[in-house]
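What follows is the residue order along each chain.
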There are 2 protein chains.
Amino acid sequence: MINIAVLGYGTVGSGVVEVINTNHESINKRAGDEINIKYVLDLRDFPGDPVEKVLVHDYEVIVNDPEVDIVVEVMGGIEPAYTFVKRALQAGKSVSTSNKALVAKHGSELMEIAKEKNINFLFEASCGGGIPIIRALNSSLTADEIDEITGILNGTTNYMLYKMSTENCDFDTVLKEAQAKGYAEADPTADVGGADACRKIAILSSLAYGKFLNYEDIYTEGITKITPADMEYAKELGMTIKLLATSRRIGDSFYAMVAPFLVGQSSPLYSVNDVFNAVFVHGNVLGDAMFYGSGAGKLPTASAVVADVVDEAKHLHRNIMTNWSSYALKLMDMDEVEGRFFVRVSDTTMDEVEKAFGDVQTIEPDDLPDEFGFITPVMKQAEYYEKISKLTGKVLAMIRVKD
Amino acid sequence: MINIAVLGYGTVGSGVVEVINTNHESINKRAGDEINIKYVLDLRDFPGDPVEKVLVHDYEVIVNDPEVDIVVEVMGGIEPAYTFVKRALQAGKSVSTSNKALVAKHGSELMEIAKEKNINFLFEASCGGGIPIIRALNSSLTADEIDEITGILNGTTNYMLYKMSTENCDFDTVLKEAQAKGYAEADPTADVGGADACRKIAILSSLAYGKFLNYEDIYTEGITKITPADMEYAKELGMTIKLLATSRRIGDSFYAMVAPFLVGQSSPLYSVNDVFNAVFVHGNVLGDAMFYGSGAGKLPTASAVVADVVDEAKHLHRNIMTNWSSYALKLMDMDEVEGRFFVRVSDTTMDEVEKAFGDVQTIEPDDLPDEFGFITPVMKQAEYYEKISKLTGKVLAMIRVKD
C-alpha cells in the first residue's frame, strides 16, 4: 500500500480524491500497488463529507508520518506551499503538484532536492491542465533537439478571444460573461495580463532546452487591448487572434514571449477554440507535433496530478531524470527578435506607410472606412519600432503575426 | 556505453543512424550513457557509406554478442523480423521496433518475454510515426479509464482525402499524384484499403483497454469508394471526410472499426490535413485530448524509435509496465453499433426516404441535380440496414457520421 497526503481540499484537491475513488481499480493496477489517501490537509472542516475521516489541520502530522510516501500539493500560491513541499521532499516523500507559480519560482531547487533524495518532484498538471506535455518533453521527445514551443496555455483568455471572434463583442462584455460562467476569476489580472501563460512557458522551456528560464525575464503582453475591430481584420485575413506563449531556439540563442498573435489556418493552433489549450512543439527530427486538451478544470487537472502519483508510485525510490538544470537560460534582446507585424493606422496614406516600410500587404475591411491595416515583411523588432516611429500618432494597434 | 544493433538499413534504419549521429550529445545526456551503434544488419552492401564499418550480413553476430544491449528492428514485415526480435529478447536484449504488423500479430507474446526477462519491447513508432501516443497511453493517461480512441492513423489516405476535398479531383488521379510524390506505395492496397490503420488501432486499443484486440476482428473499410460527389456533400454540410480508425467502450462492451467518416468542425480531427496524423483520446476524467504530428516519414519515425532506445537505456534491466495483457478483447457485434448514417440516393423521393427513416436531415447540392442526400438519426447498424433495404437499388453511397 502506498499512502498519500493531499494538501488542500479545494477544486483540484477534491478532484484528486474523486479521481482516485472513481478509477481506483485501474489506477492501482497501473501503479502496481494500492494508492491510499491517508490524509487530506485543509484549514476548513467538511462535516458530512467522506473526507472528514482523513482530514487534518496540522501539516506536522503529515510530514512526520513515515508511512506517507507521496504528498500531493494542490493549494496553489507560493506560501505555505513552498515550505510544505520542501519539507516533504527533505523528509523523503515524493511530491506531485499542480502549482505553476511554485514550479516557475522554486522548481530548480525542489527538483535538486528530489534528485539528492532519489525521489520525485513532478508537476504535469502545472502546464496545460490535463494535457500530458511535461511527460512528453521528459521521456518521449528525447531523440530531438526542441527548437520551438508555442502554446495556447490559458483557457480563460482563449475562451474570451474565441467569443470575441465568433460573437463580435468587446473585451469587457466577454470578460463579464466568462466570470459569470466561472471561466474567469473575480480578479482576472493574471489571466488576461498574460502572467499565467508566462509562468507556464517558463516551465515548458526549461524542460525543453535543459536550462532554467526565469519567468521574470519573459516579455509579456496580455489581451486587454484586443478589440472587435482587430477581430474584423483577422476575419478579413482568414486568420484568428490567439494569446500565444512561445519560445524559440535560433542557433545558440533563445527568445521567449507572451503576446496576442494573428494565427493563420495552416497552423494547428488556429482551430484550438473555447477553453481548450494546446502546445505546439517543433523538434529538429520529429518536425511538427501538437498536444491538445483541457487546459484547466477540476477533473482534467486532477487526472494529471494522479498520473504523476502513479508514476511516483512506480518509481518510489528512483529519480525520474529530467532535462531541467539550474543553469540560467539567457534570452536574446527582444529588439533582435524577428517577425511580421500587423498594424492598424488612420489619418495617413498608403504612400506614407510605404515610405516607412516599403512593400506591405494591406487590408481594408468594408466596415472600417476610417482606417486601414497592413502587414510588414519579416524584420527585427528594433527595425519595426524605428520604422513605425515615422507614423507616430497614426497607429491604432499592432499585433504580431505567427509564422 | 550502451551498444545497439539496427536491423535493416532502409528508410527508417538510415533515419535512426542519422538521428543518433545528429543529436548524439543531447541523446546521450538524456539516456544517461553513450549510445553506440555497434552493428547495422542488412543483406546489401553500402560501399562508401559511413555505416560500412559496422555493417554485418549475419544476424548471428548480433544475437550472440553479449555486448549488444538493445536491438532496433526496422525491417518491417513479419519474417524474419519476428524470429530476430524473439531471439533478441530471449537473449536478454531490449527491442525497439517501428513494425506495426509485428506488434499487432505477435505483440502479446513478445511483451510477455520482455517482462519475464525484465527488459523492454517498445514500439512507439508503430502507430502514428513520431506522435508520442504509446508512451502517453502507458505512462501519462494512467489516472483515466479510456473510453474512446479515434485516430487519423494513415498519412497516405489523409493526404489523398485532403487533396480530393480541396482540389475536387477523383480517387485515381489523387492516388497517382500521391504515388509520384512518394506518399503512396506502388501497391497502395494496405493504405487505401484500411489494413494499415486497422493494425494501428488494434495496437492502441490493446494498450488503452488492457486487453489484446486482434486486428482480424476489426471491421475495416477503405477509401476506394469515396468520390468527388461525396466531397461535394461534405462541403455543403460544412464537414470533411476522413478515414478514421476508432474504438469505443460502451459500458462493459467495446467496438472497433476503420471506415471513412464525415467529420464536423467541432471535432479537433476536422483540421488534421495533408499527411499529418492525429489520435483523439477521451478519458473518463481527462475529457478530450488529441495528439497531432507526422504519422510517417524517415526522421519523425526514427525520432520515435530513438526515444524508445533512450527509454530502454534508462531502464536497461527494468521492465516498463504496460497495460496490455494477453486476454482477448471481445468486440460487440457490428449490428449493435450505434451511429448516424449519411446516404446519397437517386430515383426516389423524400416521401420514400421518410417512410423508411422518419425525419431526416436532407442535403441537396446545386451541382448534383439528379440525386439528394440525407443523414439519419442515431440508430443501430442493424436498424439502418433493415430500413435502407426499402430503398434497394436507389442508394449511391453511404458514409458514417462521426459524433
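- Per an unreviewed UniProt entry, chain A is named Homoserine dehydrogenase, and its organism is Blautia massiliensis.
- Recorded under Catalytic activity (unreviewed entry), the UniProt text for chain A is reproduced unchanged: "L-homoserine + NADP(+) = L-aspartate 4-semialdehyde + NADPH + H(+)".
- The UniProt entry for chain A carries this comment under Sequence similarities (unreviewed entry): "Belongs to the homoserine dehydrogenase family."

1. A closer look at the pattern of salt bridges
Residue and element names in this part refer to chain A.
Then comes step 1: In total, this model carries 46 salt bridges over all chains according to the counting rule given.
Then comes step 2: Residue Glu 352 pairs with Lys 394 through a salt bridge whose shortest N-O separation is 3.2 Å. Of this pair, Glu 352 sits in helix H13 (residues 350–357) while Lys 394 sits in the loop between helix H14 (381–388) and strand S17 (395–401), and the two are 42 residues apart along the sequence.
Then comes step 3: Classification of Glu 352 by relative accessible area gives partly exposed; the value is 30%.
Then comes step 4: One salt-bridge network, in which partners are shared between bridges, spans Glu 124, Arg 135, Asp 308 and Asp 311.

2. Remarks on the relation of the copies chain A and chain B
Then comes step 1: Turning chain A through 180° and shifting it by 0.0 Å along the axis lays it on chain B, with an RMSD of 0.0 Å. This pairing of chains is accounted for by a two-fold axis. Within chain A, A:Phe291 has its C-alpha nearest the rotation axis, a separation of 2.4 Å.
Then comes step 2: Both copies present the same face, since 100% of the interface residues in chain A are matched by interface residues at the equivalent positions in chain B.

3. Details of the sheet that holds strand S2 (residues 35–41) of chain B
Residues and elements named next belong to chain B.
Then comes step 1: One open sheet holds the six strands; their spatial order is S3-S2-S1-S4-S5-S6, and the pairing between them is parallel. The open sheet has two edge strands with one neighbour each: strand S3 (55–56) and strand S6 (121–122).
Then comes step 2: Strands strand S1 (2–7), S2, strand S4 (68–73), strand S5 (94–97) and S6 of the sheet are contacted by helix H12 (residues 298–314), whose axis makes an angle of about 165° with S5.

4. Description of the UniProt feature "domain: Aspartate/homoserine dehydrogenase NAD-binding" (unreviewed entry) in chain A
Then comes step 1: Those residues carrying the UniProt feature "domain: Aspartate/homoserine dehydrogenase NAD-binding" (unreviewed entry) are residues 8–124 of chain A in this numbering.
Then comes step 2: Spanning residues 8–124 of chain A, this segment combines 45% helix with 18% strand, and its end C-alpha atoms are found 18 Å apart.

5. Brief notes about the interface of chain A and chain B
Then comes step 1: On the side of chain B, 48 residues touch chain A, which itself brings 48 residues to the contact.
Then comes step 2: A buried area of about 4200 Å², summed over both sides, lies between chain A and chain B, and 50% of it is on carbon and sulfur atoms.
Then comes step 3: Where chain A meets chain B, there are 18 residue pairs in polar contact (both at pLDDT 80 or more).
Then comes step 4: For the side of chain A that touches chain B, the secondary-structure elements that each account for two or more residues are helix H1 (11–22), helix H2 (24–31), helix H6 (133–140), helix H10 (195–209), strand S12 (287–294) and helix H12 (298–314) of chain A.
Then comes step 5: Considered class by class, the residues forming the side of chain A that touches chain B number 23 nonpolar, 17 polar and eight charged.
Then comes step 6: As paired elements, S12(A) and strand S12 (residues 287–294) of chain B share five bridges and run antiparallel to each other. Bridge pairing links A:Tyr292 to B:Met290 in S12(B).

The rules behind these values
- Within each chain, residues carry numbers counting from 1 in the order of the written sequence.
- Numbering of ligands from 1 and lettering of chains from A proceed in the order in which they are written.
- It should be noted that, the model being predicted, local features are given only for residues of pLDDT at least 70 and side-chain atom pairs only at 80 or more, the latter also being counted only at that level, while totals for whole chains, interfaces and linings use all residues.
- Excluded from the side-chain calculations are hydrogens and water; all other atoms, namely the structure's heavy atoms, are used.
- UniProt positions are given in the numbering used here, feature names are shortened, and annotations may be inferred rather than shown by experiment.
- Only one rule defines a salt bridge in this text: a Lys or Arg side-chain nitrogen within 4 Å of an Asp or Glu carboxyl oxygen.
- Going along the chain from the N terminus, every DSSP run of H or I of four or more residues is numbered as a helix, and every run of E of two or more is numbered as a strand.
- Using a 1.4 Å probe on the protein chains alone, a residue whose accessible area is under 20% of its type maximum counts as buried, one over 50% counts as exposed, and one in between counts as partly exposed.
- Superposing copies: least-squares fit, C-alpha atoms only, residues required to have pLDDT of at least 70 in both.
- Residue contacts are counted whenever heavy atoms from the two residues lie within 4.5 Å of one another.
- Only strands that DSSP links by at least two bridges are regarded as paired with each other.
- The convention used is that axes are lines fitted to C-alpha atoms, helices contributing only their stretch in contact, and that angles between N-to-C directions extend from 0 to 180 degrees.
- Take the accessible area each of two parts loses on contact, using a 1.4 Å probe, and add the two losses: that sum is the buried area.
- As used in this structure description, the phrase polar contact means that two N or O atoms lie within 3.5 Å; if the pair is within protein, one of them must be able to donate a hydrogen and the other to accept it, and residues adjacent in sequence are counted only when both atoms belong to side chains.
- Residues are sorted three ways: Asp, Glu, Lys and Arg are charged, Ala, Val, Leu, Ile, Met, Phe, Trp, Tyr, Cys and Pro are nonpolar, and all the rest, Gly among them, are polar.

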